[in-house]
Amino acid sequence: MSTNQSLKCSVCLALLAVLMFLSACSDRPENPQESGKLPAIYPDYVGVTIPVEIAPLNFNSTDHEVDCMDVVVKGSKGGQMEAHGDYADFDIDRWHELVQQNRGGRLVFSVCTRKDGQWTRHKDFHVDVSPYELGEWGVTYRSIAPGYEVYSHMGLFQRNLSNFDELTILDNTQAPGACLNCHTSHRTNPDRFVFHVRGPHGATMVQMDGKREWLKASNEQLGGSMVYPYWHPTGKYCAFSTNQTRQGFHVVHNERIEVFDLSSDIFVYDPQTHHLITDSLVMTKDWSENSPVFSPDGKWLYFLTCKQQDYPAHYKDEKYNLCRISFDASTASFGHQVDTIYNAVKQGKSLTWPRPSYDGRYLLFTLSDYGYFSIWHDESDQWLLDLQTMKANPLTAANSTRADSYHNWSLNSKWIVFTSRRDDGLYSRLYLCAIDSQGRATKPFLLPQRNPLEYYSETFYSFNTPDFTLKPVEFDARQAGYEIQSDKRVETK
């Protein structure tokens, strides 16, 4: 074959491939059969409630023999749009126009799928559009490979919730060997931002209004590192726990890892003076105080407490209650009494990850059989404590049979983001849902992705410690990598 003939053949094959691609899903549904059933889609968006700002709810068919999908979305208050292709891939701008038009209303999805040349029309499903906006630019989270013995590849990331853009805050390839974790913003505002670095170059990073400091990871007076932070509502202080964390490994097939503390205490940090504000009531010898969070008015510090056990032998006896102590921001001092707010031990349970809503009405927490690393416990469920009645109830609509754990509130206290392993029991992923005025949760929805089935089946990373963010986190990752490696640290007093 001559060179010209070979070239012509290659061009013809390329054109044929393009034509096959264009014709693969070009026809429209004609004389479809009626299935009478809801479409089998991933993610399950049937009956969820969404904020107006959320990215398009793209979805795939879970029937692998389906080769084309046609979806029409109509608003109860008007407007409609269509997606046609291998999966439901909605135009972002048209999606936002339709959702905004139907705020407080409903979107009805009509789905047709093609298999073996035959179109099938499925039963319509709806998605409610909340009258309450999200009010947040996006979410921040840690992405980590499911390795147990070593840190492996991980990073802190942020995601624009109105589209599919993911941005890196800091990746540990920029700080080799570092474990990046426990990040938080001040009331979802990243102008005050903090996270902890574990490893040979350990430190606690505090960034305020663009100025960054790396605190010495371990203080001899504390006996451990500064982890699990939470900002005071004024932004003047940040509460931390100090933990000596250990891990153990199960030998049974349905359990993998256990994390416990040889000791832990809590304290408050003043970033202006670099002083640690401590008190013997929250730094006791025989009890482990952990995971401190301030009340929205700043007058109380909530935390976990557990009677010290002989670890790892009695790890299942590690059970935490929820307590609080008053805090005076004007004098930077604690009160004189610790009160138990919720006694989980009496239920034979352990309480972890307390998060008060920013309006002061509720406190969200996770309940599991023991310990405080609830992300490893399939029985972990989210509960809501009404701070007016002091009664707690499970968030039944939001919970699953798998681990539902780390969570945080939107600033307007209408939405929560949390991690769940309900998808496959192995990877924790991010879900969002609304909380109404009666403390009831709507059906959660998986964080939308452009091509969700492809994204979640090909991404071998878990999401954890999510938080909302009012705007993108401004962080010089390259310079931060140099600073971590330099070991230049600020001493606390």
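Let me begin by describing the structure that accompanies this report. (Residues numbered from 1 in each chain as written. Predicted model: local features only at pLDDT ≥ 70, side-chain atom pairs only at ≥ 80, totals over all residues. Heavy atoms only, no water.)

### Focus: the overall build of the chain
So the rule is basically this: Here a strand is any run of E in DSSP of at least two residues, a helix any run of H or I of at least four, and the numbering for each starts at the N terminus. Any two residues having at least one pair of non-hydrogen atoms within 4.5 Å are treated as being in contact. Per-residue and other accessible areas follow the Shrake-Rupley method at a 1.4 Å probe size, with only the shown protein chains counted as cover for residues.
In terms of regular secondary structure, the chain is built from four helices and 35 strands. Of the contacts formed within the chain by residues at least 6 apart in sequence, a portion of 57% connects residues at least 24 apart. On the chain, roughly 21600 Å² of surface is accessible, and the fraction owed to carbon and sulfur atoms is 50%.

### Some words on the sheet that holds strand S28 (residues 362-368)
Counted only if it meets this: Strands are treated as partners if at least two bridges between them are detected by DSSP. Only the stretch in contact is used when a helix axis is fitted, and all axes are lines through C-alpha atoms; the angle between N-to-C directions ranges over 0 to 180 degrees.
Strand order in the open sheet formed by four strands is S27-S28-S29-S30, with antiparallel pairing between adjacent strands. Because the sheet does not close on itself, it has two edges, and the strands there are strand S27 (350-356) and strand S30 (391-394). Sheet twist, expressed as the average angle between the axes of neighbouring strands with direction ignored, equals 30°. Judged from the six bridges that link them, S28 and strand S29 (residues 381-386) form a sheet pairing that is antiparallel. When the sheet's bridge partners are listed, threonine 366 is paired in S29 with glutamine 382.

### A few points about the side chain of serine 291
By the element assignment, serine 291 lies in strand S22 (residues 287-294). Sequence-distant contacts of serine 291, that is, excluding residues within four places in its chain, are made with Tyr228, Ser241, Ile266, Tyr302, Phe303, Leu304 and Pro354.

### Remarks on the sheet that holds strand S15 (residues 203-208)
Pairing in this open sheet of four strands is antiparallel, and the strands run S13-S14-S15-S16 from one edge to the other. Of all strands in the sheet, those bounded by a partner on one side alone are strand S13 (179-186) and strand S16 (211-216). Each adjacent strand pair in this sheet contributes to an overall mean axis angle of 20°, direction not counted. In this structure, S13 lies alongside strand S14 (residues 189-198), joined through six bridges in antiparallel fashion. When the sheet's bridge partners are listed, histidine 186 is paired in S14 with asparagine 189. Running over the sheet, helix H4 (residues 477-486) touches S14 and S16 and is turned about 25° from S16.

### A few points about the pairing of strand S23 (residues 300-307)
Stated formally: When a residue's accessible area, from a 1.4 Å probe over protein chains only, is under 20% of the maximum for its type it is buried; when over 50% it is exposed; and in between it is partly exposed.
The buried count for S23 comes to six of eight residues, which makes it a mostly enclosed element. Pairing analysis gives six bridges linking S22 to S23, with the strands arranged antiparallel. Bridge pairing in S23 places valine 293 opposite tyrosine 302. Linking two consecutive strands that pair antiparallel, namely S22 and S23, is a turn of five residues; a positive phi of about 80° is found at glycine 298 within it. Of the pairings in the sheet, the one linking S23 to strand S24 (residues 321-328) comprises six bridges and is antiparallel in character.

### Some details on the state of the cysteines
Stated precisely, the cut-off is as follows: Any pair of cysteine sulfurs within 2.5 Å is marked as a disulfide.
Across all of its chains, the model carries one disulfide by this definition. Here cysteine 25 pairs with cysteine 68 through a disulfide, and the sulfurs are 1.6 Å apart. For the disulfide bridge between cysteine 25 and cysteine 68, the dihedral angle about the S-S bond is near 75°, and by the sign convention the bridge is right-handed. Of this pair, cysteine 25 sits in the loop between helix H1 (3-23) and strand S1 (33-34) while cysteine 68 sits in strand S5 (residues 68-75), placing them 43 residues apart in sequence. Residue class for cysteine 25 comes out buried when judged on its relative accessible area of 13%. What makes cysteine 68 buried here is its relative accessible area of 0%.

### Quick word on the environment of histidine 274
Here histidine 274 is to be found in the loop between strand S20 (257-270) and strand S21 (275-277). Since its relative accessible area comes to 15%, histidine 274 is described here as buried. Spatially, the C-alpha atom of histidine 274 lies 8.9 Å from that of leucine 215, the residues being 59 residues apart in sequence. For histidine 274, the contacting residues outside a window of four places in its chain are Glu213, Tyr269, Val490, Glu491, Thr492 and Lys493.

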